[in-house]
Amino acid sequence: MMQQLAASRSSSCLLHMMQQQCCCIIIPPEDGPDHVDINVMAETFAQRGAETSSEPALPDMNTQPLDKGMLFKTKEELMEAVQDHSIRHARREYYVTESSKTKWKVLCKHSTEGHVKCNPSYGIKHVIQNVKDQTGYDVPYQKAWYSLKMARQIVYGTWESSVQKLPAYLGAIQKYNPGTIVEWKHKGFQASTGKYVMGYVFWAFKPCIDGFQFCRNVISVDGTHLYTKYKYKLLIAAAMDGNQQFVKVRTLCHHMECTGIAYAMCSNFNSTIKNVVLKDLCWQAGSEYQSRKFNRIMDEIKKQDVKAFAYLDAINKEKWTASHDGGWRCGILTTNMSECINGVLKGARRLPVSALVEITLERIVHYFHVRAIKGQKMLQNNQLWTDFACKMFISWQQKAVEHTVTKYSHAQQSASVVTRRGRHGMNTHVVKIANRECSCGKWNQFGIPCSHAQKVCGAYNISVTSMVKDYYDVMAYNNTYSKHFEPVQSEDYWDDPNFQLVHDPTIRTVTRPGRNQTTRIHNEMDWRQTRARQEAQAQQQQGDSSVQENVP
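Residues numbered from 1 in each chain as written. Predicted model: local features only at pLDDT ≥ 70, side-chain atom pairs only at ≥ 80, totals over all residues. Heavy atoms only, no water.

Undergrad: Explanation requested: the overall build of the chain in the structure shown.
TA: Along the backbone of the chain there are 19 helices and 16 strands. Put simply, 62% of the contacts in the chain that link residues at least 6 apart link residues at least 24 apart. Here the chain displays about 29900 Å² of accessible surface, and carbon together with sulfur accounts for 49% of that area. (Helix = DSSP H or I, 4+ residues; strand = E, 2+ residues; numbered from the N terminus. Contact = heavy atoms within 4.5 Å. Areas by Shrake-Rupley, 256 points an atom, 1.4 Å probe, with all protein chains shown as cover.)

Undergrad: Teacher, can you tell me more about the sheet that holds strand β13 (residues 414-418) here?
TA: Hydrogen bonds between backbone atoms are what pair the strands of a sheet, whose relative direction is either parallel or antiparallel. Pairing in this open sheet of four strands is antiparallel, and the strands run β12-β13-β14-β15 from one edge to the other. A strand with exactly one partner marks an edge of an open sheet, and here the two such strands are β12 (404-407) and β15 (437-438). One ladder, built from two bridges, connects strand β14 (residues 428-432) with β15; its direction is antiparallel. When the sheet's bridge partners are listed, V431 is paired in β15 with C438. (Pairing = 2+ DSSP bridges.)

Undergrad: How should I be thinking about the packing of helix α11 (residues 291-304) against helix α12 (residues 306-313) in this particular structure?
TA: For any two helices packed against each other, the geometry is given by the interaxial angle and the distance between the axes. Closest axis-to-axis distance for the α11/α12 pair is 5 Å, and the angle between their directions is 140 degrees. As summarised for this structure, α11 and α12 are arranged oblique, according to the angle between their axes. Of α12, the residues touching α11 (which contributes M298, I301, K302 and Q304) are V306, A308, F309, L312 and D313. Classifying every residue of the contact of α11 with α12 by side-chain character gives six nonpolar, one polar and two charged. (Axes fitted to C-alpha atoms, helices over the stretch in contact; angles between N-to-C directions. Parallel < 35°, antiparallel > 145°, perpendicular 65-115°, else oblique. Nonpolar A, V, L, I, M, F, W, Y, C, P; charged D, E, K, R; others polar.)

Undergrad: Can you help me understand the UniProt feature "domain: SWIM-type" (unreviewed entry) in the chain in this one?
TA: Under the UniProt annotation, "domain: SWIM-type" (unreviewed entry) lies at residues 429-461. Measuring from the first to the last C-alpha atom of residues 429-461 gives 19 Å, for a span that is 42% helix and 18% strand. (UniProt positions renumbered as here; feature names shortened; annotations may be inferred.)

Undergrad: In this structure, what is going on with helix α5 (residues 141-156)? I would like to understand it.
TA: Three- or four-residue spacings in an α-helix give side chains the same orientation, since the helix completes a turn every 3.6 residues. For α5, with 16 residues, the first-to-last C-alpha span of 22 Å sits near the 22 Å given by 1.5 Å per residue. Restricting attention to buried positions, one finds in α5 the residues A144, S147, L148, A151, R152 and Y156. Looking straight down α5, one finds its buried side chains confined to an arc of 140 degrees; they lie on one side. (Expected span 1.5 Å × (residues − 1). Buried < 20%, exposed > 50% of the residue type's maximum accessible area, 1.4 Å probe, protein only. Arc of directions from axis to C-beta.)

Undergrad: What should I look at first to understand unusual backbone geometry in this one?
TA: For residues besides glycine, phi is generally negative; the peptide bonds are generally trans as well. Phi at Q244 is positive, roughly 65 degrees, even though this residue is not glycine. Looking at the element boundaries, Q244 is found in the loop between β10 (232-240) and β11 (246-255).

Undergrad: Would you explain the pairing of strand β9 (residues 220-225) in this entry?
TA: Two faces belong to every sheet, and in a regular strand the side chains alternate between them. Here six bridges tie β9 to β10, and the two strands are oriented antiparallel to one another. Counterpart to G223 in the pairing with β10 is L235. Between β9 and β10, which pair antiparallel in sequence order, lie six residues.

Undergrad: Looking at this structure, how should I read the pairing of β14?
TA: Judged by which residues are buried, β14 turns out to be one-sided: H429 and V431 face inward and are buried, whereas T428, V430 and K432, on the alternate face, are not. The loop that links β14 with its antiparallel partner β15 comprises four residues; one of these, R436, has a positive phi angle of about 55 degrees.

Undergrad: How should I be thinking about the packing of helix α4 (residues 124-135) against α5 in this particular structure?
TA: Contact geometry for α4 and α5: axes closest at 9 Å, N-to-C directions at 110 degrees. Looking at the two axes, α4 sits roughly perpendicular to α5. Between α4 and α5, the residues in contact are I124, V127 and I128 and Y141, A144, W145 and L148, respectively. Here the contact of α4 with α5 is composed, by residue class, of seven nonpolar, no polar and no charged.

Written as structure tokens, this is what we have:
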């Protein structure tokens, strides 16, 4: 049977961007005679806005450029024709977006769809600028928005179709990457359709799970809104490797009726105490490693506001202070993983859920590849530890030169260390090598001997390099990214899931005039980001008051 090829323009033709680009699709023939019904073909192309000839003929690939309505006997002839067209006539590169036994689709690398596929953060301003650069035409904002919307739907599908696709796609990831975990919690069941309503979906890629055991024993959780017309949120659980880089371990996509989880992650101090100065003092108290400095900051809070002091003093200090947590946080003071979220999800939060999972997978694969290469370079350079650990160790090593040591117990390998630097003059710290602790708190938090500990190790002729935590070891860093991902085959090779999924249309976001606000779920660690705005508003109000007072 002759296979039929439809060569039609991609969605970027709505923007009048290019005259030569094309989207080629092989369409499987219907059951019937071994010939093409011209009328049916004409109707098909007319529906696509295409112009067709009443008598299409097989093209001569050596002389004739591609045009809409051309037919090819085989997929191989089609591929040769497209390659010839891209070199001889279009003079533009293309890439394959979909290939199977029944379909072959390519896009021009300069098309709107190409930009959207390669860069999900490709936005309206980029569309307007590209049209201006290539055609000189100032496309209206509304048209650019509509064209970009259509291009995204062609490339990624709609939210509704993406939800239906999600079980099969996550199942395919599990199939080709065994050990990947996917868990579902449905919101309900539609007896009339036999389909489940999407509630929560959790996934964790196997290489990330394996790499976690070589990271610090802390999992940070942060959340972000998805910028779609439905009220879904994304929670990301990540660990930090030995080079101060986040490794995404788990992801949860779900609909929340309230922000109870976010509030559980955050302190209510931000909403209870409105004073900006007190908020900063609270942050300083929580992030201070030395108990004496913590106490000094708490005394200052008490002087300014007894209520605020009582509020903080009633909370278990192990839960919110670095000076009293026993080093369990490993120097990680915030759950605000902006670096992780922005790196993995940049531009993807506007996309349907299946596309979001796909892009998350692709970017994590990229991070694993880049960091594995970085780890190999560390090994080639004969480094003991990661770049982060080496930098911190050397910095403290240089400071140790100016310290003075007085040895006490040889059994405990303890000593007092007097520093000769700092804003507060000479300070004394107590180091106990046997317990791997220093009163400054830094060794306990970071797992790297501080300047005081390094000085004491030298006094007792102890190898200080043996005191660095194992997760900073270059081999541990390499093991974090040693597992590899396997690519997912095209949809033709996916298994059918054992259930069908639909989204819940009742959770649509209430639209407001203007553009949607793009924001992550904020917590108490975002104070510093908003403080400048608060101070500016206060200064503005003071300025307005002074102007009014000076009015005669």
